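For reference, the chains in residue letters:
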Amino acid sequence: YCEDAPSRLKLDAKSLGAVIDWEASDALTLTSVTAYRDRSFKQFNRDFSRLLGAFAARQERTQEDNSSFSQELRANLKTGSFDVIFGGVCNAAIQVCLPGLSPTLTREKTDNRILAGFVDATVKLSDQFNVFGGLRLSDFKNTTNVQVFGATTGPARTRALSESNL
């Protein structure tokens, strides 16, 4: 077979991150971890195959864009027999997918959000024994919206999910 336009694929990825440590005192260190990520994926291809003895061509287009931002703040307090780390994390991500076959198009948008707080501590009882414990409380929320456009256009469908854990 011959085709005028060959299949194409384009992927762009960008990321930026920073870690800042600040020694507030001999016993206290504060840390900030920040990150941003952005990804774009675009694909166009033609699939030539035999269909009932005749040649048929199918065009596929896929586009997926997602971005995320995360921020963690934590403190580490160390004394002679006590070491505790506590802090929080926030992560937010958006993903938009546009997969589909011509002439229909499906648009899917997903929003994710995670919030978490944590603490862990180590207590030195002697040179040979330590007691360690920790807790993490996390809250997750996901909302996905799907819409089909084209010959079979229908109403948007939304699905939401949330979960908290300790």
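As a reminder, the structure under discussion sits directly above these lines.
A.B. asks: Let's hear about the overall build of the protein chain: which residues, and what values?
C.D. replies: For the protein chain, the helix and strand inventory stands at zero helices and eight strands. Mapped in sequence order, the helices and strands of the protein chain form the string β-β-β-β-β-β-β-β. Burial analysis of the protein chain (166 residues in total) assigns 13% to the buried set. Here the contacts in the protein chain between residues at least 6 apart in sequence split such that 54% fall between residues at least 24 apart. A total accessible area of about 11,800 Å² is found for the protein chain, and carbon and sulfur atoms account for 57% of it.

A.B. asks: Any chance you could break down a nonpolar patch on the surface for me, citing the residues and the numbers?
C.D. replies: A cluster of nonpolar side chains, namely Phe82, Val123, Leu125, Phe129 and Val131, defines an oily patch on the protein surface of about 460 Å² accessible area. By the secondary structure assignment, Val131 is in strand 7 (residues 130-149).

A.B. asks: If you had to explain the environment of Leu98 to someone new, which residues and values would you point to?
C.D. replies: Its place among the elements puts Leu98 in the loop between strand 4 (82-97) and strand 5 (100-101). Classification of Leu98 as partly exposed rests on a relative accessible area of 22%.

A.B. asks: Describe the side chain of Glu72, with residues and values.
C.D. replies: Within the fold, Glu72 resides in strand 3 (residues 54-78). One polar contact links Glu72 to Arg74, side chain to side chain, over a distance of 2.7 Å.

A.B. asks: Explain the side chain of Ser70 to me, and be specific about the residues and the numbers.
C.D. replies: Its location among the elements puts Ser70 in strand 3. Apart from residues lying up to four places away in sequence, Ser70 is in contact with Val33, Thr34, Ala35, Cys90 and Asn91.

A.B. asks: Tell me about the pattern of salt bridges, residues and numbers included.
C.D. replies: Tallied over the entire structure, the rule returns five salt bridges. The salt bridge partner of Asp12 is Lys10, with a shortest N-O separation of 3.8 Å. For Lys10, a relative accessible area of 47% gives the class partly exposed. With its nearest N and O atoms 2.7 Å apart, the salt bridge here joins Arg74 to Glu72.

A.B. asks: With reference to specific residues and values, describe the environment of Thr106.
C.D. replies: Along the chain, Thr106 turns up in strand 6 (residues 105-124). Under the relative-accessibility criterion, Thr106 is labelled partly exposed at 23%. For the pair Thr106 and Thr62, spaced 44 residues apart in sequence, the C-alpha to C-alpha distance is 9.7 Å.

A.B. asks: Give a detailed account of the environment of Asp127, specifying residues and quantitative values.
C.D. replies: Position of Asp127 relative to the elements: it lies in the loop between strand 6 and strand 7. By relative accessible area, Asp127 is classed as exposed at 74%. Between the C-alpha atoms of Asp127 and Ser81, which are 46 residues apart in sequence, the distance is 9.9 Å.

What counts as what
Residues numbered from 1 in each chain as written. Predicted model: local features only at pLDDT ≥ 70, side-chain atom pairs only at ≥ 80, totals over all residues. Heavy atoms only, no water. Helix = DSSP H or I, 4+ residues; strand = E, 2+ residues; numbered from the N terminus. Buried < 20%, exposed > 50% of the residue type's maximum accessible area, 1.4 Å probe, protein only. Contact = heavy atoms within 4.5 Å. Areas by Shrake-Rupley, 256 points an atom, 1.4 Å probe, with all protein chains shown as cover. Patch = residues over 30% accessible without salt bridge, like charges linked within 9 Å, V, L, I, M, F, W, Y side chains within 5 Å. Salt bridge = Lys/Arg side-chain N within 4 Å of Asp/Glu carboxyl O. Polar contact = N/O pair within 3.5 Å; in protein donor to acceptor, adjacent residues only side chain to side chain.

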